[in-house]
Amino acid sequence: MARILITTGPTREYLDPVRFISNASSGKMGAALIAAAQLRGHETIVVSGPVRIEYPAATKLIWVNTTDEMLQACEQHFPDCDGLIGAAAPCDYRASEIANHKIRKTGEPLQLTLVETPDIVASLGKRKRRDQWTVGFALETEDAHFRAITKLQQKSCDLVVLNGPQAIDADENSIQIINATGHIVAAHQGPKIDLAHQIIKVIESQLISAQL
Ligand code: C5P
């Protein structure tokens, strides 16, 4: 049995008190991973951005808004976990300054300055202990295999789950699971719950059994 930290859902980066940048991530893949991991006897610590779906009861569920908050929650809980599955779609940018009041229309173009947010999977991957593992997701539209391997290396992942843009807010998906040497160790298509079971099975055989 492993204790698995799962990030899921989008994050929100506020521009002013009522407006934010975000994306259409639904948390469905995260929910499927929580369900599959628990059915297979693992403990799940979940850090989620705002979503409408209900998650299966996890050992711990921490709600966050921003990418910074998601990183903070993960940094707090990762040391007590065996591994991380980064299924969230955190915003890569935030406003350099959040306006104190609602931004008013002026009749002129509005220019926003955005700065990069931290990468959660990369931050935890860089500092993981030898007995910890990290699994990232890669959603690619072109040169998918090459980009997924590059991402795996840049983010110090042990496995990367490659999928396409059709995955967003969908009930079904098609994935390839790629290991640290760049080999496709599994490929599946179907409902997200079936894919989640396949992902957890590969993590068990490639990463958890290697810890024992
Ligand atoms: O670079 P890209 O966003 O495509 O990488 C996707 C992977 O990186 C996912 O596992 C996602 O959860 C993670 N990620 C992250 N922090 C970010 C952006 C992406 O952990 N700021």
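Conventions adopted
Residues numbered from 1 in each chain as written. Predicted model: local features only at pLDDT ≥ 70, side-chain atom pairs only at ≥ 80, totals over all residues. Heavy atoms only, no water. Helix = DSSP H or I, 4+ residues; strand = E, 2+ residues; numbered from the N terminus. Rg over C-alpha atoms; globule rule 2.2 N^0.38 Å. Buried < 20%, exposed > 50% of the residue type's maximum accessible area, 1.4 Å probe, protein only. Contact = heavy atoms within 4.5 Å. Areas by Shrake-Rupley, 256 points an atom, 1.4 Å probe, with all protein chains shown as cover. Lys, Arg positive; Asp, Glu negative; His and termini not counted. Charge placed at Lys NZ, Arg CZ, Asp CG, Glu CD. Phe/Tyr/Trp six-rings, centres within 6.5 Å; stacked < 30°, edge-to-face > 60°. Patch = residues over 30% accessible without salt bridge, like charges linked within 9 Å, V, L, I, M, F, W, Y side chains within 5 Å. Salt bridge = Lys/Arg side-chain N within 4 Å of Asp/Glu carboxyl O. Arc of directions from axis to C-beta. Expected span 1.5 Å × (residues − 1). Core = buried A, V, L, I, M, F, W, Y, C linked by side-chain atoms within 4.5 Å. Pairing = 2+ DSSP bridges. Axes fitted to C-alpha atoms, helices over the stretch in contact; angles between N-to-C directions.

**Q** What should I look at first to understand the overall build of the protein in this one?
**A** When helices and strands are counted, the protein shows 5 helices and 12 strands. At 17 Å, the protein has a C-alpha radius of gyration in line with the 17 Å of a compact globule built from 212 residues. For the protein, with 212 residues in total, the buried portion stands at 46%. Relative to all contacts within the protein whose residues are 6 or more apart in sequence, the contacts with residues 24 or more apart total 62%. Carbon and sulfur atoms make up 49% of the accessible area of the protein, which totals about 11100 Å². One way to put it: in the protein the 21 positive side-chain charges average out to a point 2 Å from where the 24 negative ones average out.

**Q** How should I be thinking about the packing of aromatic side chains in this particular structure?
**A** Ring pairs (aromatic) are described by centroid distance and by the angle formed between their planes. Following the criterion strictly, the structure yields 2 aromatic pairs and no others. Taken together, a centroid distance of 5.3 Å and an interplanar angle of 65 degrees make the contact between Tyr14 and Phe20 edge-to-face. Of the residues examined, Tyr14 reaches a relative accessible area of 23% and is grouped as partly exposed. A residue is classified by how much of its surface remains accessible, and Phe20, at 34% relative accessible area, is partly exposed. Judged by centre distance (5.8 Å) and plane angle (35 degrees), the rings of Tyr55 and Trp63 are tilted.

**Q** What exactly am I supposed to notice about a nonpolar patch on the surface here?
**A** There is a patch of nonpolar side chains on the surface, built from Tyr93, Leu110, Leu112 and Leu114 and spanning about 390 Å² of accessible area. Positionally, Tyr93 belongs in strand β7 (residues 93-95). Residue classification places Tyr93 among the partly exposed positions, given a relative accessible area of 40%.

**Q** Would you explain helix α4 (residues 144-154) in this entry?
**A** Every α-helix winds through 3.6 residues per turn, so residues three or four apart in the chain are directed the same way. Turning to α4, its buried residues are Ala148, Ile149 and Leu152. The buried residues of α4 all sit within an arc of 95 degrees when viewed along its axis, so they share a single face. Structural note: α4 exposes Phe146, Gln153 and Gln154 on the side pointing more than 90 degrees away from its buried face. Among the structural elements, β9 (133-139), β10 (159-163) and β11 (172-179) are those in contact with the buried residues of α4.

**Q** When you look at helix α1 (residues 28-39) in this model, what are you seeing that I'm missing?
**A** With 12 residues, α1 extends 16 Å between its outermost C-alpha atoms, agreeing within 8% with the 16 Å of an ideal straight helix rising 1.5 Å per residue. The complete set of buried residues in α1 reads Met29, Gly30, Ala31, Ala32, Leu33, Ile34, Ala36 and Ala37. At the exit of α1 stands Gly41, carrying a positive phi of roughly 95 degrees.

**Q** Whenever I open this one, unusual backbone geometry confuses me. Can you help?
**A** Excluding glycine, residues mostly have negative phi values, and the peptide bonds linking residues are mostly trans. Not every positive phi belongs to a glycine, and Asp143 is a case in point at roughly 45 degrees. Topologically, Asp143 is positioned in the loop between β9 and α4. Notably, Ser156 is not glycine yet its phi reads approximately 50 degrees, a positive angle. Within the secondary structure, Ser156 sits in the loop between α4 and β10.

**Q** I'm lost on the nonpolar core in this one. Help?
**A** Among the nonpolar cores identified, the biggest contains 31 residues, and Leu33, Ile85, Trp133, Phe137, Ile199 and Ile203 are the most heavily contacted of them. When residues of this core are assigned to their parent elements, the largest contribution, 8 residues, is made by helix α5 (residues 192-211). When sequence neighbours within four positions are dropped, the list of residues in contact with Ile85 reads Ile4, Leu5, Ile6, Thr7, Leu33, Trp133, Val135, Phe137, Ile200 and Ile203.

**Q** Just to check I follow, could you spell out the sheet that holds strand β4 (residues 43-48) for this structure?
**A** Two strands in a sheet stick together by hydrogen bonds in their backbones, pointing the same way (parallel) or opposite ways (antiparallel). Here we have 8 strands laid out as an open sheet, ordered β5-β4-β1-β6-β9-β10-β11-β12, and mixed in their pairing. Edge positions in the sheet fall to β5 (60-63) and β12 (184-191), since each of these pairs with one other strand and no more. Strand-to-strand twist in this sheet, taken as the mean axis angle between neighbours without regard to direction, amounts to 15 degrees. Direction of pairing for strand β1 (residues 3-8) relative to strand β6 (residues 83-86): parallel, over a ladder of 4 bridges. Paired with Thr7 across the two strands is Gly86, which belongs to β6.

By themselves, these observations are geometric and do not establish any function.
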